[in-house]
Amino acid sequence: MFTKVLDGTLSESLQQYASQIILISILSIITIFRKELSCNSVYLVDKQKPNEKQKIRHRKLDSHSEWERVDFNSCPLIDGLSDCVQIKCLTYLHPSEILTLGSVSKKAHSLVNKELLWYRIFLRDFAYVLLKWKYGIEKVNSLRDSHWNCPEKIVSLLGRALNGIRHRRNVPSMKEFYLVFAQTWSEFIIAGYSENPTLVSIHGHVFNITSFLDEHPGSPETIIMQGGGKDASSFFEAVGHSKSARMTALQRLVEIVDLSCCRGDQSLLVGLRKDYHDMNCVLPLKRSKVRKPWALSHLRQKLEREKKAMLTQARKQLSRKMAARGQINVLGNINVYFDPICYRWKAWYLDLDFQPIFMDNIENDEY
Amino acid sequence: MSNEEQLVTITSQDGVGVPCKKEAALLAGVVKNMIEEEDEDETNITEDLKLLKVTGETLKKVVEFLEHHVDEPMETLSETPLQMTKLGECVGPEWYVKFADIDREEMFLLVKAANYMDVPPLLDLMCLAITMTIMDKSPEEVRGIFSKVNPSLAAPPQAAEADVEAAA
């Protein structure tokens, strides 16, 4: 009787807790065999390790044979067509696409490094400022006396200039010249143009504010000292220009537009021009980060690093000069810029009459 | 000289003669030179226009292009680098877009022919078309595209395997 009751309660309670019991037993099984069940690599038993290694090696071999199947020495685009046709095809592309293509195969790589290709692309994108833009021409002419004899025609002058580079110590390839020029053209050309004309570079573009100086709310002297003849982007943004001020700049003062600094840049733009069909995207219309021209990041970093070093060096040289020659009047700061044609760093500062004084040799001999 | 409907026959490498309006044929630099030489001789026989580097099939396409170009000149946008990814956006009229819609091997043959025969508009069109195929692609993709064109790229491993089997 008692046992029956016990049986009854037991079976009842069993029925009652059956689900819990099953759950607990499943959980405990999982806990005990967790190592075997898990695929986490922490639990990998030693036995399995060699297998894994083999697998990895196997996979590597597989991919290796895949690589072998690709013939890096040939690329039909490169093989089938003559050089000038291939270069013609590539001159339709953005430099970043050309560089990408260079990693397709060995032949593509040597094609992409051809001097002629980069010369064509340079003419396409940047030659405008050296051949057609008044201040660019002036700048190149000012280099003439000190560095190379040039004929009157500016085109052949450019050719000479580029050849001139080749005779120097640091010989850049045309490709390197293109990439460096893209970075340094604005400060190179406007260097020294701080008063009459006053050229400033903001967000990569060049503005001519000579006629605007008197209308400008801030004093002309401040602008000439802070922005004239150099990159004034951070100063421009720090002061906080209004939307209407920016619009005025866009409508009246633009001198050269760098297309790679125009927003709406899902599409790849590059090159320098007098204007752009959508002027509103040339400048950001509210306070924002400084825009920089398209460049390879390692090159940009290198130039920025060098610029800092050269700035301290130029300051040192100036103070040495002062020590030797007595008082030299310097207005504002000394500025450094990279001259892509002579391929070295240079510096300039303003004297008390707002006249620029250039220092051509700031690099020391070991550089 | 009423050479508007005058026909000349251009002969290809493999002996296929393709008749072509003289006006159209003059667009091709090579043919123009040949015709002018003949005119100087005043023989006026325009049958000896043989091109040594162009096959019949390609020549037919080139002549088709030349004859159409006379009626409806091609316009290309000169803005570079290209912003468009479709040929239709930078070449007009529509006929030329259709003309360039051919497989890549044919494209290469046409480029070579255009280069040899000195037909600048055709060269422009074909270069644009080829450029479109490599735009906006990763190196792997480009490699893939071009290894399909050239069967010799995929062939060697198979050939090597066959050799191994034969040796065994």
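All of these numbers come straight from a predicted model, not from anything done at the bench.

Points about the overall build of chain B
Here is step 1: Tallying secondary structure elements over chain B gives nine helices and five strands in all.
Here is step 2: Counting from the amino terminus, chain B carries its helices and strands in the arrangement β-β-α-α-β-α-β-α-β-α-α-α-α-α.
Here is step 3: The buried share among the 168 residues of chain B stands at 42%.
Here is step 4: With an accessible surface of roughly 9200 Å², chain B has 50% of that area assigned to carbon and sulfur atoms.

Details of the packing of aromatic side chains
In this description, a pair of aromatic rings is defined by centroid distance and the angle of the planes.
Here is step 1: For the coordinates displayed, the defined rule picks out 15 aromatic pairs over all chains.
Here is step 2: On the numbers, 5.4 Å between centres and 45° between planes, the contact of Phe65(B) with Phe99(B) is tilted. Of this pair, Phe65(B) sits in helix H3 (residues 56-71) while Phe99(B) sits in helix H5 (residues 94-99); the two residues are 34 residues apart in sequence, bridging distant segments of the chain. Like Phe65(B), the residue Phe99(B) is buried in the burial classification.
Here is step 3: One aromatic cluster is present, built from ring pairs that chain together Trp118(A), Phe122(A), Phe126(A), Phe177(A), Tyr178(A) and Phe181(A).
Here is step 4: Positioned over the ring face of Phe99(B) is Lys61(B), at 4.5 Å from the centre of the ring.

Focus: the domain arrangement of chain A
All names here are of chain A.
Here is step 1: Per the domain assignment, the segments making up chain A are domain 1 (72-113) and domain 2 (192-295).
Here is step 2: Using C-alpha coordinates to define each centre, domain 1 is positioned 36 Å away from domain 2.
Here is step 3: Taking both sides of the interface into account, the surface hidden between domain 1 and domain 2 amounts to around 370 Å²; carbon and sulfur atoms contribute 83%.
Here is step 4: Three residues, His-94, Pro-95 and Ser-96, lead the burial of domain 1 against domain 2; their summed loss comes to 86% of the area buried on that side.
Here is step 5: Between the two partners, domain 1 and domain 2, sit zero salt bridges.
Here is step 6: Its residues assigned to classes, the side of domain 1 that touches domain 2 shows two nonpolar, two polar and one charged.

Comments concerning the state of the cysteines
Here is step 1: By the definition in use, this model includes zero disulfides over all chains.
Here is step 2: Left unpaired, Cys261(A) is separated from the closest cysteine sulfur, that of Cys262(A), by 7.3 Å.
Here is step 3: Unpaired in terms of disulfides, Cys127(B) finds its nearest cysteine sulfur in Cys89(A), a separation of 3.7 Å.
Here is step 4: Owing to a relative accessible area of 0%, Cys127(B) belongs among the buried residues under this scheme.

Here we look at the pattern of salt bridges
All names here are of chain A.
Here is step 1: Inspection of the entire model under this criterion finds nine salt bridges over all chains.
Here is step 2: For Arg-124, the salt bridge goes to Asp-125, with nearest N and O atoms at 2.8 Å.
Here is step 3: Look at Arg-124 and you get partly exposed, because its relative accessible area is 22%.
Here is step 4: Ionic pairing is found between Glu-237 and Arg-246, a salt bridge with its closest N-O pair at 3.1 Å.
Here is step 5: Residue classification places Arg-246 among the buried positions, given a relative accessible area of 0%.

Comments concerning the sheet that holds strand S3 (residues 49-50) of chain B
All names here are of chain B.
Here is step 1: One open sheet holds the three strands; their spatial order is S2-S1-S3, and the pairing between them is mixed. Strand pairing shows two members of the sheet lacking a second neighbour, strand S2 (17-21) and S3, which therefore form its edges.
Here is step 2: In this sheet, S3 lies alongside strand S1 (residues 7-11) in parallel orientation, the contact comprising two bridges. Residue pairing in the sheet places Ile-10 in a bridge with Leu-49 of S3.
Here is step 3: Packed on one face of the sheet, H3 meets S1 and S2 and runs near 5° to S2.

Points about a nonpolar patch on the surface
Here is step 1: Taken together, the side chains of Ile22(A), Leu23(A), Ile26(A), Leu27(A) and Ile30(A) present a nonpolar region at the surface, about 470 Å² in accessible area.
Here is step 2: Position of Ile30(A) among the secondary structure elements: in helix H1 (residues 2-32).

Some points on H3(B)
In an α-helix there are 3.6 residues to a turn, and that puts residues three or four apart on one side.
Residue and element names in this part refer to chain B.
Here is step 1: An ideal rise of 1.5 Å per residue puts 22 Å on 16 residues; H3 measures up with 23 Å between its terminal C-alpha atoms.
Here is step 2: Regarding H3, the residues found buried are Gly-56, Thr-58, Leu-59, Lys-61, Val-62, Val-63, Phe-65, Leu-66, His-68 and His-69.
Here is step 3: Structurally, H3 contributes buried residues whose contacts are with S1, S2, helix H1 (22-25), H5, helix H6 (104-117) and helix H7 (120-134).

Things to note about H7(B)
Residue and element names in this part refer to chain B.
Here is step 1: Its 15 residues give H7 an end-to-end C-alpha distance of 21 Å, which sits within 8% of 21 Å, the value for a rise of 1.5 Å per residue.
Here is step 2: Within the sequence span of H7, burial applies to Leu-122, Leu-123, Leu-125, Met-126, Cys-127, Leu-128, Ala-129, Ile-130, Thr-131, Met-132, Thr-133 and Ile-134.
Here is step 3: Immediately beyond the C-terminal end of H7, within one or two residues, lies Asp-136, with a positive phi of roughly 60°.

Notes on the sheet that holds strand S6 (residues 344-350) of chain A
All names here are of chain A.
Here is step 1: Pairing within the open sheet is antiparallel, and its three strands lie in the order S5-S6-S7. Of all the strands in the sheet, the pair left with one neighbour each is strand S5 (331-339) and strand S7 (356-359). The average angle at which neighbouring strand axes cross in this sheet is 25°, direction not considered.
Here is step 2: Where S5 and S6 come together, six bridges link them in antiparallel fashion. Following the sheet pairing, Leu-331 is matched in S6 by Leu-350.
Here is step 3: Across the sheet, helix H16 (residues 297-325) touches S5, S6 and S7, and the angle it forms with S5 is around 130°.

Brief notes about the pairing of S7(A)
Residue and element names in this part refer to chain A.
Here is step 1: Note that S6 and S7 share four bridges and pair antiparallel. The residue bridging Ala-347 from the neighbouring strand is Met-359, located in S7.
Here is step 2: Hairpin connection between S6 and S7: a loop of five residues separates the two successive antiparallel strands, and Phe-354 in this loop has a positive phi of roughly 65°.

Structural notes on the packing of helix H8 (residues 115-125) of chain A against helix H12 (residues 174-190) of chain A
Residue and element names in this part refer to chain A.
Here is step 1: Between H8 and H12, the shortest axis-to-axis distance is 8 Å and the interhelical angle comes to 25°. Taken together, H8 and H12 sit at an angle that is classed as roughly parallel. Of the two possible hands of crossing, H8 and H12 adopt the one that is left-handed. Together, Glu-115, Trp-118, Tyr-119, Ile-121, Phe-122 and Asp-125 of H8 and Met-174, Lys-175, Phe-177, Tyr-178 and Phe-181 of H12 make up the contact between the two elements.
Here is step 2: Within the contact of H8 with H12, the residues separate by chemical class into eight nonpolar, no polar and three charged.

Details of the confidence of the model for chain B
Residue and element names in this part refer to chain B.
Here is step 1: Summing up the model confidence of chain B, the mean pLDDT is 75 and the portion of residues at 70 or higher is 73%.
Here is step 2: Across chain B, the secondary-structure element scoring lowest on mean pLDDT is helix H9 (residues 151-167), at 42, and the one scoring highest is H3, at 89.
Here is step 3: The ipTM assigned to the predicted complex is 0.75, against a pTM of 0.73.

Conventions used here
- Residues numbered from 1 in each chain as written.
- Chains lettered and ligands numbered in written order.
- Predicted model: local features only at pLDDT ≥ 70, side-chain atom pairs only at ≥ 80, totals over all residues.
- Heavy atoms only, no water.
- Helix = DSSP H or I, 4+ residues; strand = E, 2+ residues; numbered from the N terminus.
- Buried < 20%, exposed > 50% of the residue type's maximum accessible area, 1.4 Å probe, protein only.
- Areas by Shrake-Rupley, 256 points an atom, 1.4 Å probe, with all protein chains shown as cover.
- Phe/Tyr/Trp six-rings, centres within 6.5 Å; stacked < 30°, edge-to-face > 60°.
- Lys NZ or Arg CZ within 6 Å of the ring centre and 35° of its normal.
- Domains from an automatic or database assignment.
- Buried area = accessible area lost by both parts, 1.4 Å probe.
- Salt bridge = Lys/Arg side-chain N within 4 Å of Asp/Glu carboxyl O.
- Nonpolar A, V, L, I, M, F, W, Y, C, P; charged D, E, K, R; others polar.
- Disulfide = S-S within 2.5 Å.
- Pairing = 2+ DSSP bridges.
- Contact = heavy atoms within 4.5 Å.
- Axes fitted to C-alpha atoms, helices over the stretch in contact; angles between N-to-C directions.
- Patch = residues over 30% accessible without salt bridge, like charges linked within 9 Å, V, L, I, M, F, W, Y side chains within 5 Å.
- Expected span 1.5 Å × (residues − 1).
- Parallel < 35°, antiparallel > 145°, perpendicular 65-115°, else oblique.
- Left-handed = near helix turned anticlockwise from the far one by under 90°.
- pLDDT = per-residue confidence, 0-100.

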